[in-house]
Amino acid sequence: AITTTSIAMSVTGATDAMSGVPVNCYYIEYDANATTFTTADGNSGWCNGGYNPTALSVNVPYAFRWKVRDNAGNETGWNVPTPAYKYTYANAPTTPGLSATGTTTQTVTWTSGGAQSYFRIYRNRASNGSPDYDNQTSSPLNVTGLTPNTAYYYWIYAVNGDGVETSGIQTSTVYTFSANADVVE
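The model shown is predicted, which means the values in this text are computed figures rather than measured ones.

About the cut-offs
- Residues numbered from 1 in each chain as written.
- Predicted model: local features only at pLDDT ≥ 70, side-chain atom pairs only at ≥ 80, totals over all residues.
- Heavy atoms only, no water.
- Helix = DSSP H or I, 4+ residues; strand = E, 2+ residues; numbered from the N terminus.
- Contact = heavy atoms within 4.5 Å.
- Phe/Tyr/Trp six-rings, centres within 6.5 Å; stacked < 30°, edge-to-face > 60°.
- Buried < 20%, exposed > 50% of the residue type's maximum accessible area, 1.4 Å probe, protein only.
- Lys NZ or Arg CZ within 6 Å of the ring centre and 35° of its normal.
- Pairing = 2+ DSSP bridges.
- Salt bridge = Lys/Arg side-chain N within 4 Å of Asp/Glu carboxyl O.

Student: Before we move on, could you go through the environment of Ala32 and cite the residues and values that matter?
Tutor: As for its placement among the helices and strands, Ala32 is situated in strand E2 (residues 26-32). Taking C-alpha positions, Ala32 is 9.8 Å from Tyr87, a pair spaced 55 residues apart along the chain. Not counting chain neighbours up to four residues away, the residues in contact with Ala32 comprise Asp41, Pro61 and Tyr62.

Encoded structure:
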């Protein structure tokens with residue numbers, strides 16, 4: 001499992017070349033801020049195949065590799081998964097806001113949780129299919145081309161370097177202004 005500060009790595013399935021007995025002795029390393037493995041920033045030591053480094057940085061790529069030791073003490077070369085790296089998750093945004101600014105316009109606001117690659121925003125629906133507004137780098141989003149006197153709401157998600165969305169936040173529902181508003185003097 002992946003969180004904002006950890007990536008759980010699991011390696012299984014190796015067998016001893018001589019006996020065919022399953023091997024449960026693995027050595028796993030990670031390289032921080034890397035899309036290819038260069039230098040180990042942490043390791044599991046020889047373990048049973050599971051490794052969960054914690055206190056990792058938010059929305060940073062971590063490259064992993066591992067090797068296996070059989071029952072006779074022979075070690076394999078390094079193995080690298082595909083893809084060779086994974087990003088920790090981004091922090092979720094907070095404090096959603098929505099205001100009507102005209103008959104066909106609204107402004108969507110939120111507070112960044114920090115360490116995201118960008119934001120995805122969906123109009124009148126939660127995350128499902130293509131976003132209405134993708135690659136939004138900051139708040140606010142000024143939305144145009146809406147229908148007068150119509151209710152809208154938005155879901156806002158932060159996105160990490162792998163394109164994985166955080167949990168979303170929803171704005172309240174707000175109507176655009178009526179095209180036939182009466183003026184009171």
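Student: I'd like to hear about the packing of aromatic side chains, residue by residue, with values.
Tutor: How two aromatic rings sit relative to each other is set out by the distance from centre to centre and by the angle between their planes. Summed over all chains, the structure comprises nine aromatic pairs. Both rings, one in Tyr30 and one in Tyr62, keep their centres 5.7 Å apart while their planes meet at 70°; by these two values the pair is edge-to-face. Taken together, the residues span a long stretch of sequence, with Tyr30 in strand E2 and Tyr62 in strand E5 (residues 61-68) at a distance of 32 residues. Residues Tyr30 and Tyr62 agree in their burial class; the two are buried. Taken together, the aromatic side chains of Tyr30, Tyr51, Tyr62 and Phe64 make up a single cluster linked through ring pairs. Taking NZ or CZ as reference, Lys67 lies 5.6 Å from the ring centre of Tyr27, over its face. It is Arg69 that lies over the ring of Trp46; its NZ or CZ is 4.1 Å from the centre.

Student: A description of the sheet that holds strand E9 (residues 118-123) should follow, citing residues and the corresponding values.
Tutor: With respect to topology, four strands assemble into an open sheet ordered E10-E9-E13-E14, the strand pairing being antiparallel. Of all the strands in the sheet, the pair left with one neighbour each is strand E10 (133-136) and strand E14 (169-170). As judged from the two bridges shared by strand E13 (residues 154-159) and E14, these two strands associate in the antiparallel manner. Among the inter-strand pairings, Ile156 is bridged to a residue of E14, identified as Ile169.

Student: Break down the pattern of salt bridges for me, citing the residues and quoting the values.
Tutor: If the charged atoms of two oppositely charged side chains come close together, the side chains can form a pair. Per the stated rule, a full pass over the model turns up five salt bridges. Between Asp134 and Arg120 there is a salt bridge, with the nearest N and O atoms lying 3.2 Å from each other. You can see Asp134 sitting in strand E10 and its partner Arg120 sitting in strand E9, a full 14 residues away along the chain. With a relative accessible area of 35%, Asp134 lands in the partly exposed category. Under the relative-accessibility criterion, Arg120 is labelled buried at 15%. Between Arg120 and Glu165 there is a salt bridge, and its shortest N-O distance comes to 3.3 Å. Taken together, the positions of Arg120 in strand E9 and Glu165 in the loop between E13 and E14 put the pair 45 residues apart, joining distant regions of the chain. Among the ionic contacts, a cluster of salt bridges with common partners joins Arg120, Asp134 and Glu165.

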